[in-house]
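# Observations on the model geometry
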Amino acid sequence: MQIGLEGIAFDIPEHFIDMRELAGARGVDPAKYLQGLGQLEMAVASPCEDSVVLAAGAGRRLFANFDVDPSSISLLIVGTETGIDHSLSIASYLHLMLGLSDDCRIFEIKQACYGAMAGVAMGINYLLSGKALGKKVLVVATDIARYGQGSSGEATQGAGAVALLLSHQPRLVEWEARIDGYYARHVMDFWRPLDAQEACVEGHYSIDCYLAALEGAYRHYKANGVRAGLMEVKEDVQKRCVACLYHVPYVKMAQKAHIKLLELEAGCAFEKESPVFAAAREDFCRRTLPFLELNSRVGNVYTASLFLSLLNFLEIATQEAVGKELSLFSYGSGCGAEFVRARVSVGATKWMQKDSFRTRLAARRLIGIGRYEEMATACRGRDKEEGRVYLPEKWNLTRSELYLGVKGRKRVYAIDGKILE
Ligand code: CAA
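Everything in this summary refers to the structure shown in the same document. (Residues numbered from 1 in each chain as written. Predicted model: local features only at pLDDT ≥ 70, side-chain atom pairs only at ≥ 80, totals over all residues. Heavy atoms only, no water.)

Turning next to unusual backbone geometry. Going from G334 to C335, the amide bond is cis rather than trans, its omega being 0°. When you line up the elements, C335 lands in the loop between β13 (325-332) and β14 (336-344). A positive phi is found at L133, a non-glycine position, where the angle reads about 50°. By secondary structure assignment, the location of L133 is in the loop between α5 (115-129) and β6 (136-145). One non-glycine residue, N396, lies in positive phi territory at about 60°. For N396, the position within the fold is in the loop between α13 (369-382) and β16 (401-407). (Helix = DSSP H or I, 4+ residues; strand = E, 2+ residues; numbered from the N terminus.)

What follows is the structure in structure tokens.
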């Protein structure tokens, strides 16, 4: 039974900053951000662009680009760690904004950056169960990554959303639904207390936790593959893969992950500066780095980061990639992780709009550090200011989906000039 990705689309804020300028303002050597972290630009959300707005933007683009009938969706899952209410889910707003039908199951998943991958796994299992009866699954990953101003996490912020359509017509990617590998462990590497708008993080420890989770999920994947009789004990998991994709808090983290994966396959750690280490970096430049352009220019989008990389891959993939495998690794702090494989479908290259992500990036507006700080301050106070309307003109926005503020303790949104209360 064929199951997988039928469509994919993304949304990002309309403004961004240049990482060289951020480095200058913080008194940091720009090489640290550009080469040390691998980040070139960073998306900046204005007060009218929250996680609901970005999710709606991605969902509407998906419906338009892939000609999706809203009534064909019977399961909507939102993965996010930028929730907007202790009770009400983003899925509830999205159900309204996308015009989905009443006979639809909707909910939100929180497991840090792993939430959307958990949603994809649920969606695949739902389709496998046979209960979808011809209907489809929509998974939306949406997040705004915020750390304290001047903190070491500040350079790894970002914002955006990716919408994924899963179905029995995997025009883009066919999921290998028979094997997956998970890992979970309680670790305090990254968290956001209920009253905090910015994340708390033990940065260097979080890198170790990520790599330990990659090892755990990879080993579980392999053990499951062997147990199911689908893999040999000595078989390399990633060897056949045309692309190895990872959760991308920043580009350099994906490099660390790829080298770790190659070490796991080799059964030993590589000495830095050794020829085998250099070869592993070259392999990263061939099978991962080309698909991180979007991540390097948007920043960390928590749940959506892995799927931004997948979209980047699909847009630049050539006919040679058709029929080949990909590996995908999702990491959510705290922590939960998953390793899976998928296969590029015949016709995938026909369905993706060539270079549309570059067009979208080029349409953004560059802002200075002062304006970025003004937006961050306004976002911090936004949800507490009863009755105040945030005007899109003030933030120089042209988008059709907007968050306008809080009235009667309810969030107010507008779509195509129409207010939704
Ligand atoms: N020129 C070139 N490179 C430089 C440099 C310079 N002048 N100065 C520093 N660098 C390099 C460093 O050598 C280092 O590279 P390596 O890791 O390869 O050694 C890199 O730049 C970063 O330097 P530091 O480690 O000194 O930077 P830092 O102390 O400011 O912290 C960070 C970096 C830990 C990633 C921090 O930005 C942070 O806490 N970010 C948020 C947490 C995060 O992203 N964690 C990732 C794993 S957890 C996860 O993935 C979940 C999630 O989404 C949050």
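Moving on from the model shown.
Before going further, it helps to spend a moment on the nonpolar core. Among soluble globular proteins, nonpolar side chains are generally buried collectively. Counting residues in hydrophobic clusters, the biggest one holds 88 residues, and the most contacted among them are I8, L310 and F313. The greatest single-element share of this core, amounting to 8 residues, is contributed by helix α3 (residues 51-65). Each residue touching L310, except ones within four places of it in the same chain, is listed here: L5, I8, V173, L245, L326 and L328. Membership of the second largest hydrophobic core comes to 55 residues, among which are M231, C244, A254 and L397. (Core = buried A, V, L, I, M, F, W, Y, C linked by side-chain atoms within 4.5 Å. Buried < 20%, exposed > 50% of the residue type's maximum accessible area, 1.4 Å probe, protein only. Contact = heavy atoms within 4.5 Å.)

Here we take up the layout of surface pockets. In this structure, the largest pocket spans a volume of roughly 1,500 Å³. Contributing to the lining of the largest pocket are 43 residues, with G83, D85, H86, R192 and L194 lying nearest its centre. The set of elements that each furnish at least two residues to the lining of the largest pocket consists of β10 (190-191), α13 and β17 (410-415). Split by residue class, the lining of the largest pocket holds 16 nonpolar, 12 polar and 15 charged. (1 Å grid on protein atoms, 1.4 Å probe; cavity = no way out; pocket = protein on both sides within 12 Å on 5 of 7 lines; lining within 4 Å. Points joined across faces, edges and corners; volume = space filled by probe spheres on them. Nonpolar A, V, L, I, M, F, W, Y, C, P; charged D, E, K, R; others polar.)

Here we take up the site of the ligand. Lining the immediate surroundings of the ligand are 26 residues, of which K32, S152, H204, S206 and K256 lie closest. Contact between the ligand and S152: an oxygen atom at 2.8 Å from a main-chain N or O atom of the residue. Because more than half of its atoms lie within 2 Å of the grid, the ligand is assigned to the second largest pocket. Broken down by secondary-structure element, the contributors of at least two residues to the shell around the ligand are α2 (30-37), α6 (203-227) and α7 (251-266). No other element matches the 5 residues that α6 contributes to the shell around the ligand. Taken together, the residues of the shell around the ligand break down into 12 nonpolar, 10 polar and 4 charged. (Near = heavy atom within 4 Å. Polar contact = N/O pair within 3.5 Å; in protein donor to acceptor, adjacent residues only side chain to side chain. Sits in = over half its atoms within 2 Å of the grid points.)

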